[in-house]
Amino acid sequence: MSSSSSLSSAPLDLPAELESLRQEAKKHAREGDFARARAKNLALRDRSRELGSALGEVLGLRFVGLCEYRMGSYEASERWLQEALAFARERECRSQVLYISNHLGATVRRLDRLADAHDLFKASLASTQLPADLDARARLLGNLGALLDVIGDLRAADDCYARYEELVELIVGSGDSDDLARLANARALSARAASRRGDLDTAKAKHDDEHRLADSCGDAIKKLSAILHQGKIERELGRRAVGAVRARHFEAAHRWFAEALSEAERLEQTHRCGDALYHWGRLFQAEGRWAEAHGKFVQALKLGQSHGHTYLQAEVCHALTRLCQQCALHGEALFYLRKTVELRNAMYRPLLDNARIRDMAQTRLAELSDLASSLVDEARRVERPEEDLADLEKVVESITGKPFSAAMPGVDDVWEWQRSIREGSRERWSNLLSKEVYDRLDKQSREDLVRADVAYHGAIDDLPRSAHLLALVIERELRDRLLVPLYERYRSAFGSRPTGDSKTTKYLRKRPTDRHHAPLGDALVIVEELCAGAPTDPGVDFAREQVRSCRGALNDLRRLRDPITPLGSDSSLTLRKLRNDAAHGNPGSASLDRLSVDAVKRALVLEAPVILRGLTEIDLRRR
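The structure presented is a predicted model; accordingly, all values stated were derived computationally and were not measured. (Residues numbered from 1 in each chain as written. Predicted model: local features only at pLDDT ≥ 70, side-chain atom pairs only at ≥ 80, totals over all residues. Heavy atoms only, no water.)

What to know about the overall build of the chain
Okay, so step 1: Scanning the chain from terminus to terminus reveals 30 helices and zero strands.
Okay, so step 2: Overall, the chain is about 95 × 60 × 45 Å in size when its C-alpha atoms are taken along their principal axes.
Okay, so step 3: In the chain, of all internal contacts separated by at least 6 residues, the share reaching a separation of at least 24 is 66%.
Okay, so step 4: Within the structure as shown, the chain displays about 27,400 Å² of accessible surface, and the carbon and sulfur contribution to it stands at 48%.
Okay, so step 5: For the chain, the separation between the mean place of its 98 positive charges and that of its 97 negative charges on side chains is 3 Å. (Helix = DSSP H or I, 4+ residues; strand = E, 2+ residues; numbered from the N terminus. Contact = heavy atoms within 4.5 Å. Areas by Shrake-Rupley, 256 points an atom, 1.4 Å probe, with all protein chains shown as cover. Lys, Arg positive; Asp, Glu negative; His and termini not counted. Charge placed at Lys NZ, Arg CZ, Asp CG, Glu CD.)

In structure tokens form, the structure reads like this:
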């Protein structure tokens, strides 16, 4: 830090009463209580009008706008800041015009008006005069860098971050809370640049300093940001490491993300909640824990959708595209790719009319090109209706701007292609479930999972077969792990046929030669009976006692009866009906598309609790 007097915290020429209101508002804001800070700033505005203090009124309006920003009310924030800006210009409060313009640029960026934000930052920077406006210039550079980061000009963003850090170090002096908060922010942005160029050690040192400064300044938002950044840098360090070192970094990242999410929820910072969930999901993905990653991504997406956070939605949909591609849910991968393109187009297409930032915007749009090409090539190996091909054409052209070629990708050797699908399938199922869980499945079940993948990657008519094989795996595992052992235990204990009307008792009454006949629908009703609390008959009572030690896992299986809804669809299906329709060749099974089959697979392996994992925890043969 410089030993010169602080330019960032120069005293404001306010009457004592107004300064007291300003300090009270500032205290609430530092604690993260922006509703109370907003009320105090409104009082500051009103009292300033009564006393005729133009500066007090400008500050009141400005900080009300900033409180609205922190509470996620960006439209309201813009209105207050526009009013503050007009009043500051009218009263010739030049320095306040620059500060308000900085807040306003950050607000319109959150409203996805990136070109407006870019022009406002640039114009404001051009009007700064040094050394008088050093503080305002530093703030504008920091926010311009963040905007350039979003737009895609990463080199220019990193340059802004470096200049911002240098200026802040020149500005700060007394080491008061404002100085520490500003320096914490500078360290965070500088760390981002270091991480991007691969210098993770420097990034870690910068983030550690950021965390120390944020903790010292007592600013709740700065502390929250520092906690989240610690999680991100630990994740990146873990990805670079191996063995026990990798595990330690990942464990630390989990702790930081959990703390960040908890703190963001406490402070009602929805955007930060979404960030924490998204980055936590990326950590799970890096660990190969795909179900957990999917769960965090979906939570983040729902949060982004409910609060209109377009950039967050685009980033999460991009992550879900890659995750679904890893899991061979190619229908859902294409669904999320379309969503990503739609969201990014809404953000970046308007920028193409702005000559100064056209190339940056095109860069962000083109980032999806390779991912789109691989997904589209895979999708075109499947026999597809004309309307699906037309849809794919729109997706490709919206990303690349190039004409779509309808030529089907060539397959040199069908048998070699099938062999590669089989090998990839075994590895993928081991990753989805963990090798330990996959190996615990029945040998025929493992083979059926592979066959389901082969059918999925074949012609469109094989999709019902793929879904049917997935349902058969559940049916077989339930029968062999739960039902047949229950049957044999009952006969061994009593040697007689029980009486009663429950589905469980009817199964226990079967002849020994029929005990392996237990359709999925019947098995799911039996699971429900065993988990329900109401008394029924002696057969159910006996079975409940036998499954006492695995009631938790059994209770999770009740979800198998729930409707399964494909992405983007208003209709749903059930595993029982899907299995029966496919088995008996009912017309409904012919209408299955990839999104329908993906929805089934997602319900079994990506949504918590993971059904196929839970099934392997139930095995009465071993008890």
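From this point, things continue past the structure.
Here's the deal with unusual backbone geometry
Okay, so step 1: With omega at 5°, the peptide bond leading from leucine 130 into proline 131 counts as cis.
Okay, so step 2: By the element assignment, proline 131 lies in the loop between helix H6 (114-126) and helix H7 (134-151).
Okay, so step 3: Here the residue pair alanine 608 and proline 609 is connected by a cis peptide bond, since its omega of -5° sits within 30 degrees of zero.
Okay, so step 4: Assignment of secondary structure puts proline 609 in the loop between helix H29 (594-605) and helix H30 (611-616).
Okay, so step 5: Positive phi outside glycine occurs at aspartate 112, with the angle close to 70°.
Okay, so step 6: Within the secondary structure, aspartate 112 is located in the loop between helix H5 (94-110) and H6.
Okay, so step 7: Residue glutamate 268 is not a glycine yet carries a positive backbone phi of 60°.

Quick notes on the pattern of salt bridges
Okay, so step 1: For the structure on display, the rule yields 63 salt bridges.
Okay, so step 2: Linking arginine 47 and glutamate 17 is a salt bridge whose minimum nitrogen-to-oxygen distance equals 2.7 Å. Residue arginine 47 is found in helix H2 (residues 34-51), and its partner glutamate 17 is found in helix H1 (residues 16-31); the two are separated by 30 residues along the sequence.
Okay, so step 3: In this structure, aspartate 178 and arginine 30 form a salt bridge, with 3.9 Å as the shortest nitrogen-oxygen distance. Of the two residues, aspartate 178 is situated in helix H9 (residues 177-196) and arginine 30 in helix H1; the sequence distance between them amounts to 148 residues.
Okay, so step 4: Of the residues examined, arginine 30 reaches a relative accessible area of 22% and is grouped as partly exposed.
Okay, so step 5: Residues participating in the shared-partner salt-bridge network are Glu165, Glu169, Arg187, Lys206, Asp209 and Arg212. (Salt bridge = Lys/Arg side-chain N within 4 Å of Asp/Glu carboxyl O. Buried < 20%, exposed > 50% of the residue type's maximum accessible area, 1.4 Å probe, protein only.)

What about helix H12 (residues 243-266)?
Okay, so step 1: Over its 24 residues, H12 extends 35 Å from the first C-alpha to the last, a length consistent with the 34 Å expected when each residue adds 1.5 Å.
Okay, so step 2: Taken residue by residue, H12 has His249, Phe250, Ala252, Ala253, His254, Phe257, Ala260, Leu261 and Ala264 as its buried positions.
Okay, so step 3: Where H12 is buried, its residues contact helix H11 (220-240) and helix H13 (270-286).
Okay, so step 4: Following H12 by one or two positions, glutamate 268 adopts a phi angle in the positive range, close to 60°. (Expected span 1.5 Å × (residues − 1).)

What to know about the nonpolar core
Okay, so step 1: Membership of the largest hydrophobic core comes to 118 residues, with the highest contact counts inside it found for Leu433, Ile474, Leu478, Leu482 and Leu612.
Okay, so step 2: Setting aside residues no more than four positions away along its own chain, leucine 482 makes contact with Glu477, Val527, Leu530, Val547, Leu554, Ile618 and Leu620.
Okay, so step 3: By size, the runner-up hydrophobic cluster in this structure holds 59 residues, among which are Trp80, Val168, Ala181 and Ala214. (Core = buried A, V, L, I, M, F, W, Y, C linked by side-chain atoms within 4.5 Å.)

Re the packing of aromatic side chains
Okay, so step 1: Per the counting criterion, the structure on display carries eight aromatic pairs.
Okay, so step 2: Geometrically, the ring pair formed by tryptophan 280 and phenylalanine 284 is stacked, given 6.1 Å between the ring centres and 15° between the ring planes. With tryptophan 280 and phenylalanine 284 both in helix H13 and four residues apart, this pair spans about one turn of that helix.
Okay, so step 3: Centroid distance tyrosine 487 to tyrosine 507: 5.8 Å. Interplanar angle 65°. Geometry classified as edge-to-face. (Phe/Tyr/Trp six-rings, centres within 6.5 Å; stacked < 30°, edge-to-face > 60°.)

Here we look at the state of the cysteines
Simply put, disulfide is the name for a covalent bond between the sulfur atoms of two cysteines.
Okay, so step 1: Scanning all chains against the criterion turns up zero disulfides.
Okay, so step 2: The thiol of cysteine 93 is not disulfide-bonded; the next cysteine sulfur, from cysteine 67, is found 19 Å away.
Okay, so step 3: Free cysteine: cysteine 317, not disulfide-bonded; nearest cysteine sulfur from cysteine 324 at 10.0 Å.
Okay, so step 4: By relative accessible area, cysteine 317 is classed as buried at 2%. (Disulfide = S-S within 2.5 Å.)

Brief notes about helix H10 (residues 200-217)
Okay, so step 1: For H10, with 18 residues, the first-to-last C-alpha span of 25 Å sits near the 26 Å given by 1.5 Å per residue.
Okay, so step 2: Those residues of H10 not exposed but buried are Leu200, Ala203, Lys204, His207, Asp209, Glu210, Leu213, Ala214 and Cys217.
Okay, so step 3: If you follow the buried residues of H10, they end up packed against H1, H9 and H11.

Structural notes on the packing of H7 against helix H17 (residues 358-366)
Okay, so step 1: Viewed as axis vectors pointing N to C, H7 and H17 meet at an angle of 50°, and their least axial separation amounts to 8 Å. Here H17 runs oblique to H7, going by the angle between their axes. Mapping the contact onto sequence places Leu148, Asp149, Val150 and Ile151 in H7 and Met360, Ala361 and Arg364 in H17.
Okay, so step 2: A per-class count over the contact of H7 with H17 returns five nonpolar, no polar and two charged. (Axes fitted to C-alpha atoms, helices over the stretch in contact; angles between N-to-C directions. Parallel < 35°, antiparallel > 145°, perpendicular 65-115°, else oblique. Nonpolar A, V, L, I, M, F, W, Y, C, P; charged D, E, K, R; others polar.)

A word on the confidence of the model for the chain
Okay, so step 1: Overall, the predicted model of the chain reaches an average pLDDT of 89, with 93% of residues at or above 70.
Okay, so step 2: pLDDT under 50 marks residues 1-10. Its contacts with residues more than four places away, or in other chains, come to 28 contacts. (pLDDT = per-residue confidence, 0-100.)

Examining the packing of H7 against H9
Okay, so step 1: For the pair H7 and H9, interaxial distance at closest approach is 12 Å and the crossing angle is 35°. As H7 packs across H9, the resulting crossing turns out to be left-handed. Each of Asp135, Arg139, Gly142, Ala146 and Asp149 in H7 lies in contact with H9, whose residues at this interface are Arg182, Leu189, Arg192 and Arg196.
Okay, so step 2: Tallied by class, the residues present in the contact of H7 with H9 amount to two nonpolar, one polar and six charged. (Left-handed = near helix turned anticlockwise from the far one by under 90°.)

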